[in-house]
Amino acid sequence: MKATKIVGFVIASVMAMGGSTVWADSLCPDLAQQAAADAQVKQAEALDRAGKAREAYGAAKKTNFDCVTDSTRHEALLKRTAKVVGSEEEKKGQLNEAFDWYERAQSQADASRMQRKMVESKPNDINTVSRAIDYFRHHNDAAQEKAMRAHALKNVEKALVAEEKSFASVGKNSLSELGLAKDWSYYAQAGEDLVRARAAKRGDIVAADDGRTFLSLALSYYDRAEQPDKAQKVRDKARALAKQYESKGEGLVAGDYYVIAGESGKATAVQKETEVREQKAEESRKKVFKKDQDDLEKALGF
């Protein structure tokens, strides 16, 4: 009898304190908030039954997660409605949005499918392909990651085909295409050797020319090819040409060659000397012209 009274006292005490505490291990501060959270879940479920998945997800998302009585039921509602919205976005062709919703639904199969579809829709977009590679790598999907990297390698090859056309032009400048090929090789984890070999080949061709534009271009190609020894030969050639033009008094051209040779200080000095010399020559020409004009006027009696 005494034990029964003690138990009754404990229960009464807990009920008296229960106005501010739901359970000892609950994060919900009170019963009122718990009731409100459960009501919110029911409202979201009603919207879901009415075919309003987006609104249902929004209502469920506003629910106080700490106070929901049945968290499993709440989480299932969020996943279910997010997947429905994802399907709606996919049907509209909004693949990025569909992917985001499938991620919220924690549906990896659908999210993976969206990554593949995005690559199919933008096969030449490096950002789209790189995101797909990162996604599959993060999810340890080795097969899909390998497929995406194989796709990137095909784009390396496509860029090199485009490079051939650009190099065939008068300017022989295909650096943009080589740069794109190198970028794709990073994601392919292959093909960089092909890019370097192509860049070296282009460098050899333009380096045979003495023109300032082609020698400067050769340096860029050798930089892409990672061949500093050949680049140095181009600079040596440019330096020799600079001295030739300097000896002929063509300082401005000599200066350009000195820049290619990597001697910008020498280039500035030579060009400044040339400017001073040309300025003096111009002043002398003006003086001669003025004298000739004065002599002519005197002879004509003006």
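Shown above is the structure to which this text applies.
Notes on the structure follow.

Thresholds applied
Residues numbered from 1 in each chain as written. Predicted model: local features only at pLDDT ≥ 70, side-chain atom pairs only at ≥ 80, totals over all residues. Heavy atoms only, no water. Helix = DSSP H or I, 4+ residues; strand = E, 2+ residues; numbered from the N terminus. Buried < 20%, exposed > 50% of the residue type's maximum accessible area, 1.4 Å probe, protein only. Contact = heavy atoms within 4.5 Å. Areas by Shrake-Rupley, 256 points an atom, 1.4 Å probe, with all protein chains shown as cover. Phe/Tyr/Trp six-rings, centres within 6.5 Å; stacked < 30°, edge-to-face > 60°. Lys NZ or Arg CZ within 6 Å of the ring centre and 35° of its normal. Axes fitted to C-alpha atoms, helices over the stretch in contact; angles between N-to-C directions. Parallel < 35°, antiparallel > 145°, perpendicular 65-115°, else oblique. Left-handed = near helix turned anticlockwise from the far one by under 90°. Nonpolar A, V, L, I, M, F, W, Y, C, P; charged D, E, K, R; others polar. Arc of directions from axis to C-beta. Salt bridge = Lys/Arg side-chain N within 4 Å of Asp/Glu carboxyl O. Core = buried A, V, L, I, M, F, W, Y, C linked by side-chain atoms within 4.5 Å.

1. Brief notes about the overall build of the protein chain
For the protein chain, the helix and strand inventory stands at 14 helices and 0 strands. In the protein chain, the succession of α and β elements from N to C terminus is α-α-α-α-α-α-α-α-α-α-α-α-α-α. Burial status across the protein chain gives 34% buried among its 302 residues. Sequence-distant contacts in the protein chain: of pairs separated by 6 or more residues, those separated by 24 or more amount to 48%. As displayed, the protein chain offers around 18700 Å² of accessible surface, 54% of which is attributable to carbon and sulfur atoms.

2. Let's talk about the packing of aromatic side chains
Going through the model one piece at a time under the given rule, you end up with 6 aromatic pairs. With 5.0 Å between their ring centres and 80° between their planes, Tyr-57 and Trp-101 make a pair best called edge-to-face. Note that Tyr-57 is positioned in helix α3 (residues 53–62) and Trp-101 in helix α5 (residues 95–104), a separation of 44 residues in sequence. The buried category is assigned to Trp-101, whose relative accessible area is 11%. Here Arg-202 stacks its cationic end above the ring of Phe-167, 4.3 Å away from the centre of that ring.

3. As for the packing of helix α12 (residues 228–247) against helix α13 (residues 251–260)
One can describe the packing of α12 onto α13 by two numbers: an axis separation of 8 Å at closest approach and a directional angle of 160°. Viewed along their axes, α12 and α13 adopt a mutual orientation that is roughly antiparallel. The hand of the α12/α13 crossing is left-handed. In this structure, α12 contributes Arg-235, Ala-238, Arg-239, Leu-241, Ala-242, Lys-243, Tyr-245 and Glu-246 to the contact, and α13 contributes Val-253, Ala-254, Tyr-257, Tyr-258 and Ile-260. In terms of residue class, the contact of α12 with α13 is built from 9 nonpolar, no polar and 4 charged.

4. Re α3
Among all positions in α3, only Ala-53, Ala-56, Tyr-57, Ala-59 and Ala-60 are buried. Burial along α3 is one-sided: seen end-on, the buried residues are contained in an arc of 165°. Looking at the buried residues of α3, the elements they touch are α2 (31–49), α4 (71–91) and α5.

5. Observations concerning the pattern of salt bridges
Note that side chains of opposite charge can pair when their charged atoms are close. Applying the stated criterion across every chain yields a total of 21 salt bridges. Measuring nitrogen to oxygen at the nearest pair gives 3.1 Å for the salt bridge that ties Lys-230 to Asp-204. Here Asp-204 lies in helix α10 (residues 192–207) and Lys-230 lies in helix α12, a separation of 26 residues in the sequence. As a salt-bridge pair, Glu-263 and Arg-239 come within 2.4 Å of each other at their nearest N and O atoms. Placement of the pair is Glu-263 in the loop between α13 and α14 (264–299) and Arg-239 in helix α12, with a sequence separation of 24 residues.

6. Section: the nonpolar core
Among the nonpolar cores identified, the biggest contains 49 residues, and Met-114, Val-206, Leu-215, Tyr-221, Val-234 and Tyr-257 are the most heavily contacted of them. Tallying contributions element by element places helix α11 (residues 212–225) first for this core, with 8 residues. If sequence neighbours within four positions are ignored, Val-234 has contacts with Ala-207, Leu-215, Ala-218, Leu-219 and Tyr-222.

7. Describing the packing of α2 against α3
The N-to-C vectors of α2 and α3 enclose an angle of 170°; their axes lie 8 Å apart at closest approach. If you check the angle between α2 and α3, you find them roughly antiparallel. Facing Gln-40, Ala-44, Leu-47 and Asp-48 of α2, the residues of α3 in contact are Glu-55, Ala-56, Ala-59, Ala-60 and Lys-62. Broken down by class, the residue content of the contact of α2 with α3 amounts to 5 nonpolar, 1 polar and 3 charged.

All quantities given are derived from atomic positions and should not be read as evidence of function.
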